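# Chains, contacts and geometry: an overview
Listed below, chain by chain, are the residues.
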Amino acid sequence: LKMSWFWFYLPLRLLMAACLCRSIKAPTTSSQQRFKTDLFNFYHSLILADGRETTIHLLKDIPKRYYFVLEEGRALAPFTITVTPCDVPIEWSILVHKASASFLGKAARGDHDTQEVSKSQKAPNMVSTIFNYKGNSVETYMGMSSHSALYMLEFLSTERDTHITVYLTTDTTSGNLYPELPMDPRIDVIGIGHTTVTLTWKHSPSVLQHRENIQYCLLVNEKHNYKSLCAAETAIRSSGMKLPPTLTLSLSPYLLEPQQVMILSNSELSIINKASSGEVRQICMGTKNTYTVPNLSPSTQYYFDVFVVNLLTNASAAYTGTFARTLEEPEPKVTELKDGKVIQVVLDGKKQKFYSLQYQARHKKMQFTFQLCHGQVQVHITKNGKIVASENISGLRYFSVKGKLLDTYLVQLRSTEESNSSVRVQVSSHFHKPLFPLLPDSLKIKSFSKLRTCKSVTIAWLGTQEESKYCVYKKRIEEDQVWTELQSVDRCSGPQSRPKSEKVLCKYFYDTNLQRAVTTETIKGLDAGTLYLFDVYLFGPSGIPVRYHSKVVKTRKKC
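Residues numbered from 1 in each chain as written. Predicted model: local features only at pLDDT ≥ 70, side-chain atom pairs only at ≥ 80, totals over all residues. Heavy atoms only, no water.

### Regarding the packing of aromatic side chains
Here is the rule: The pairing test for Phe, Tyr and Trp rings, Trp by its six-membered ring, is centres within 6.5 Å, and the orientation test on the planes gives stacked under 30 degrees, edge-to-face over 60, and tilted for anything in between. Relative accessibility decides the category of a residue: with a 1.4 Å probe and only protein chains considered, values under 20% of the type maximum give buried, values over 50% give exposed, and everything between is partly exposed.
Tallying each qualifying case throughout the model produces 19 aromatic pairs. Arranged with centres 6.2 Å apart and planes meeting at 35 degrees, the rings of Tyr532 and Phe534 form a pair that is tilted. Each member of the pair, Tyr532 as well as Phe534, carries the same accessibility label: buried. One aromatic cluster in this structure is built from Phe68, Phe79, Trp92, Phe131, Tyr141, Tyr151 and Phe155.

### Side note on the pairing of strand 26 (residues 408–415)
Note the threshold: By definition, two strands form a pair when at least two bridges between them are found by DSSP. What counts as a helix is a DSSP run of H or I of at least four residues, what counts as a strand is a run of E of at least two, and both are numbered from the N terminus.
Pairing of strand 21 (residues 355–360) with strand 26 involves six bridges; the strand directions are antiparallel. Paired with Gln360 across the two strands is Thr408, which belongs to strand 26. Here strand 23 (residues 377–383) runs beside strand 26; their pairing, made up of seven bridges, is antiparallel. Paired with Lys383 across the bridge in strand 26 is Tyr409.

### Brief notes about a nonpolar patch on the surface
Our working rule: For patch building, the residue pool is restricted to those with more than 30% relative accessible area and no salt bridge; the joining distance is 9 Å between like charges and 5 Å between nonpolar side chains (Val, Leu, Ile, Met, Phe, Trp, Tyr). Each accessible area is a Shrake-Rupley estimate made with a 1.4 Å probe; only the visible protein chains count as cover when residues are assessed. When a carboxyl oxygen of Asp or Glu lies within 4 Å of a side-chain nitrogen of Lys or Arg, that pair is called a salt bridge.
Judged by side-chain polarity, Val189, Ile192 and Leu327 come together as a nonpolar surface patch covering roughly 210 Å² of accessible area. Along the polypeptide, Val189 turns up in strand 9 (residues 187–192). Exposure remark for Val189: the relative accessible area of 30% places this residue in the partly exposed category.

### Description of the environment of Leu327
For the record, the criterion: Note on contacts: a residue pair is in contact if any heavy atoms of the two residues lie within 4.5 Å.
Positionally, Leu327 belongs in the loop between strand 18 (322–325) and strand 19 (334–336). For the pair Leu327 and Thr300, spaced 27 residues apart in the sequence, the C-alpha separation amounts to 7.8 Å. Leu327 has contacts with Ile192, Gly193, His194, Pro298 and Ser299, leaving out every residue within four places of it along the chain.

On their own, these measurements won't tell you what the molecule is for.
Quick look at the structure:
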């Protein structure tokens, strides 16, 4: 660091002046008193607190200086200074003036003379730099101090405005503010999976001595390792995420921001910070020194940092970070589709993975048929690697495609809901033998409010130009069952799974004029003021039914 001796001696001279003023016995005016107070406060604002962590904010290219002096009467004593950069690399130095503290002690007592002052002011050779460092690692200096030495710490950031923490202590007997690291502070990767990484590390001596006040916290991200918890928190904030104070890691009840998700299970606290730049996870696992990180993405490189945290002081020490790449996701299992054969696929909504079906063309023209049974499903169809269709399906959906013999078609299905979905799939080159019946424009069932009585309801539905069989079923339900019944309907299930008591009737119906292809039915023998669930099933030539959308109707309570 470039150092001007002027800045070293300025606070020293001001303190001398303050001490000289204090030693004068004669009464002083109010202005003189204010001058002495200002000088005294100026000096003490630069004094580094002993035994306490101090946060210092640095402006770019502007040095900041702090001083400390040992208590009077101590001959030799060890001291330590720990500096933690919280963002960019910084430069810092320790300088010592070997006679200044001795003189200050005399000045405070009044036993000084002009000659001694002038000697002190003209002795730049008595100032020496005993330590300097440049970087963003946590660095600790240990030294031996005497009461006749004044120390100055100078800090400089040349990249941008930043902040650091500084811890000075001259009491090395009552333990350190920071938890201790083991002799080997490395994190070992002992297991790698597609979505998990297992880590282990050697216990901190502090955990063994003060188990109830110490815990381990793990930081997981996709960018890089962090050399301190302070640096990690700064990076999280700068990425647009709001982070609670470090005490969050100590299970303190801070409220989380909307960008954060907190998960507490098996005595482990996980805080997931979400931002456009990625995801940062904090997991605190008590005093366990082996942990399997779950829910990672396959084929992704992650960086892992372990911090041992003192719950009483909130101070932490960082293990040497490590990184690992999760295994590539295995190729999805592909099921072969056979011409004309129907298969039903259940899709896991939680995993949100694609289910793959493959078909090799036996004809130039073919038709893919999808019948949505439950939930919501997204369909992708590719031919020789090129997309030919992609959409979310509802109800019954046909895709007709043209190609060459032996073209390879890949059908990929995925649930778009968190709950499971299911769908029926068929591919066929026999267009003249449709699997499903000809469908009307709408599969809704309509009820007529004016025709409702205490014992009957009248419903209507659309038909087609093709003579088909329609079967009506009813089910008595309670008010609190309506939502569950409508949500749990399997639209692919036929009436064969229903009790015979729910069957109302079956009839054949068609009309060549679509405008008149509507049929009605009055269902009698019902109970007054009661809810009923009505279903209509349409059967085609293949015998596979299509279920209309269920309709809930309530009979009149009084007639």
